Amino acid sequence: MDVFPLYMPGLMILGTDTDVGKTYISTAIARQLMSEGIATGAYKPACSGSIQDGDSGDYYWNDIELLSESINQTFPSERICPQKFHAPLAPPVAARKEGRQIDHDLLWQGALWWQDQVEFLIVEGVGGVLCPLTENTLVVDFAAELKFPVLVVARAGLGTINHSLLTVEALQNRGLCVAGIILNDVDPELSDESRSSNAEQIQQWTTVPVLSFVPFEWQSNLLHHQTQDRIDWVQLALHPSRFVIKE
Ligand SMILES: Nc1ncnc2c1ncn2[C@@H]1O[C@H](COP(=O)(O)OP(=O)(O)OP(=O)(O)O)[C@@H](O)[C@H]1O
Ligand SMILES: C[C@H](N)[C@H](N)CCCCCC(=O)O
Ligand SMILES: [Mg+2]
C-alpha cells in the first residue's frame, strides 16, 4: 500500500513508557485547541486493556472515552480508535489472545479518515515508542509513516533523563521530527528531588525543547516551562524548528 502523509496539521503524542500520561496530555491539548475554536480530532491507532463496567457488564476503554470527551464527543468512538482489544498487553499480543490480528492498513486508513473532518489531529501512541503495534512493526514505524511532529511525554522523576534521551534518539534515528518533551508529574508517590532539575539536565543533552513541566492533577492549559505562557500547539505542529533550543 502506498502511504502518504496527511495534508493537515497534527501532533503525534508518544511516551517514554506506558502510563506516563500520553492520554492525560493529549486530552489537555485537545481541550485547549477546542476552547480556542480549532476543530480538533483525536485518534489512537490501536488500544488494549479494557475495563468492565460493574453495573452494565459492558466493556470500555478509558483512553477512548477520555479522548472522545476532550473533543466534546463529536465523533463515534470507532473513529477515535478502530482497533481495540481486551487484554492489557501490547496490541498484537492482545489481538492474538482473541484469535485476531492488527489490521495494518486500518491503522493508516483510520488516521486518513480525519483529514476532511477537522482542522487539527492529535494522535496518541501506544506504550513507549518501541512498543510493538503490529506483528512486524513498532509504534515508531507508524509515527514515521504519519510524519507528524512528535511530542514525547516522560514521567517526571529519577530515571527520566535516560528515558527521555533514549526516546528522542530512537525517534530521530528514524528521521522523525521531535517537537518537544513534556515532563509529567504523573504520580506524587514517585516524587523525588530530581524533579526540580529534570528539565535542565535533559536540556544539557538535547536541543529538543523541554516544553512543559505538568504538575500532578494539573487541570488547565499546559504552560511553557520557562515563560509560563500558554503553548501554541498549531504553531508548534506547523513550525517545530522555531521551538528548538539554539546550541
Ligand atoms: N499530571 C497528572 N496528574 C495526575 N494524574 C495523572 C497525570 N498524568 C497522568 N495521570 C494519571 O496517570 C495514569 C496514567 O496516565 P495515562 O493513562 O494518560 O497514561 P498513558 O501514557 O496514556 O498510558 P497508555 O500507555 O495506557 O496509553 C492515569 O490514571 C492518569 O489519570
Ligand atoms: C495496557 C497498556 N495500558 C497499554 N495499552 C499497552 C502497553 C504495552 C506495552 C508493551 C511493552 O512495551 O512492554
Ligand atoms: Mg493512553
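Residues numbered from 1 in each chain as written. Chains lettered and ligands numbered in written order. Predicted model: local features only at pLDDT ≥ 70, side-chain atom pairs only at ≥ 80, totals over all residues. Heavy atoms only, no water.

Describing the site of ligand 1
This is how it is decided: Here a residue counts as near a molecule or strand whenever at least one of its heavy atoms sits within 4 Å of it. Throughout this description, a polar contact denotes any pair of N or O atoms lying within 3.5 Å of each other; where both atoms belong to protein, one of them has to be capable of donating a hydrogen while the other can accept it, and for residues adjacent in sequence the pair is counted only when both atoms sit in side chains. Accessible surface is estimated by sampling points in the Shrake-Rupley manner with a 1.4 Å probe; for residues, cover comes only from the protein chains shown. The pocket and cavity definitions rest on a 1 Å grid over protein atoms only: a 1.4 Å probe that fits but cannot leave marks a cavity, an open set with protein on both sides within 12 Å along at least five of seven lines marks a pocket, and residues lining either have an atom within 4 Å of a point. The way we define it, a molecule is inside a pocket or cavity when more than half of its atoms are within 2 Å of that pocket's grid points.
Taken together, the neighbourhood of ligand 1 is formed by 17 residues, with Thr 18, Lys 22, Thr 23, Asn 184 and Glu 217 sitting nearest. Between ligand 1 and Val 20, the relevant distance is 3.2 Å, taken from an oxygen atom to a main-chain nitrogen or oxygen of the residue. Residue Tyr 24 places a main-chain N or O atom 3.0 Å away from an oxygen atom belonging to ligand 1. Out of a free accessible area of 630 Å², ligand 1 has 75% covered by protein chains. Using a 2 Å cut-off from the grid points, one finds that ligand 1 occupies the largest pocket.

As for the UniProt feature "binding site: Mg(2+)" (unreviewed entry) in the protein chain
What counts is decided by this rule: UniProt positions are given in the numbering used here, feature names are shortened, and annotations may be inferred rather than shown by experiment. Numbering goes from the N terminus for both helices and strands, where a helix is a DSSP run of H or I of at least four residues and a strand is a run of E of at least two. Only protein chains enter the accessibility calculation, which uses a 1.4 Å probe; a residue is then buried when its area is under 20% of its type maximum, exposed when over 50%, and partly exposed in between. By the convention used here, residues are in contact when the closest approach between their heavy atoms is within 4.5 Å.
With numbering aligned to this structure, UniProt lists the feature "binding site: Mg(2+)" (unreviewed entry) at Thr 23, Asp 63 and Glu 124. Spanning 102 residues, the named residues nonetheless gather at one spot, since no C-alpha pair among them exceeds 9.2 Å. In the annotated set above, the residues contributing to the lining of the largest pocket are Thr 23, Asp 63 and Glu 124. With respect to the helices, strands and loops of the structure, Thr 23 is situated in helix H1 (residues 22-35). With relative accessibility at 10%, the residue Thr 23 sits in the buried group. Residues in contact with Thr 23, not counting those within four places in the same chain, are Asp 63, Leu 66, Leu 67 and Glu 124.

What about H1?
To be explicit about the condition: A helix is expected to span 1.5 Å for every residue after the first.
Its 14 residues place the ends of H1 20 Å apart at the C-alpha level, agreeing with the 20 Å of an ideal helix rising 1.5 Å per residue. Within H1, burial applies to Lys 22, Thr 23, Ile 25, Ser 26, Thr 27, Ala 28, Ile 29, Ala 30, Gln 32 and Leu 33.

Side note on the site of ligand 2
What counts, and what does not: The classification used treats Ala, Val, Leu, Ile, Met, Phe, Trp, Tyr, Cys and Pro as nonpolar, Asp, Glu, Lys and Arg as charged, and all other residues, Gly among them, as polar.
Neighbouring ligand 2 are the residues Thr 18, Ser 48, Pro 88, Leu 89, Ala 90 and Cys 131. Look at ligand 2: alone it shows 390 Å² of surface, and the protein chains cover 61% of it. Structurally, ligand 2 is housed in the largest pocket. When its residues are assigned to classes, the shell around ligand 2 shows 4 nonpolar, 2 polar and no charged.

Concerning helix H6 (residues 139-146)
Most of H6 is tucked away: 6 of the 8 residues are buried. Within H6, burial applies to Val 139, Val 140, Phe 142, Ala 143, Glu 145 and Leu 146. If you follow the buried residues of H6, they end up packed against strand S1 (10-15), strand S2 (40-43), helix H5 (104-112), strand S7 (120-128) and helix H7 (160-173). A positive backbone phi angle near 65° is found at Lys 147, which sits one or two residues after H6.

A look at the sheet that holds strand S10 (residues 210-214)
The line we're drawing: Two strands pair under a simple rule: DSSP has to find at least two bridges between them. Think of each axis as a best-fit line through the C-alpha atoms, taken over the contacting stretch in the case of a helix, with angles from 0 to 180 degrees between the N-to-C directions.
Ordered by their spatial adjacency, 6 strands build an open sheet running S2-S7-S1-S8-S9-S10, and the pairing between neighbours is parallel. The outermost strands of the open sheet, each flanked by one partner alone, are S2 and S10. Geometrically, the sheet is characterised by an average inter-axis angle of 20° between neighbouring strands, direction not taken into account. Packed on one face of the sheet, H1 meets S1, S2, S7, strand S8 (150-155), strand S9 (178-184) and S10 and runs near 175° to S7.

Considering the packing of H1 against helix H2 (residues 62-70)
Using the following cut-off: Reported orientations rely on four angle classes, namely roughly parallel under 35 degrees, roughly antiparallel over 145, roughly perpendicular from 65 to 115, and oblique for the rest. Two helices crossing with the near one rotated counterclockwise from the far one by less than a right angle form a left-handed crossing, whereas a clockwise rotation gives a right-handed crossing.
Taken N-terminus to C-terminus, the directions of H1 and H2 make an angle of 15°; their axes are 8 Å apart at the nearest point. Overall, the two elements H1 and H2 adopt an arrangement that is roughly parallel. Crossing of H1 over H2 shows right-handed handedness. Of the residues in H2, those touching H1 at Thr 23, Ser 26, Thr 27, Ala 30, Arg 31 and Met 34 are Asp 63, Leu 66, Leu 67 and Ser 70. In terms of residue class, the contact of H1 with H2 is made up of 4 nonpolar, 4 polar and 2 charged.

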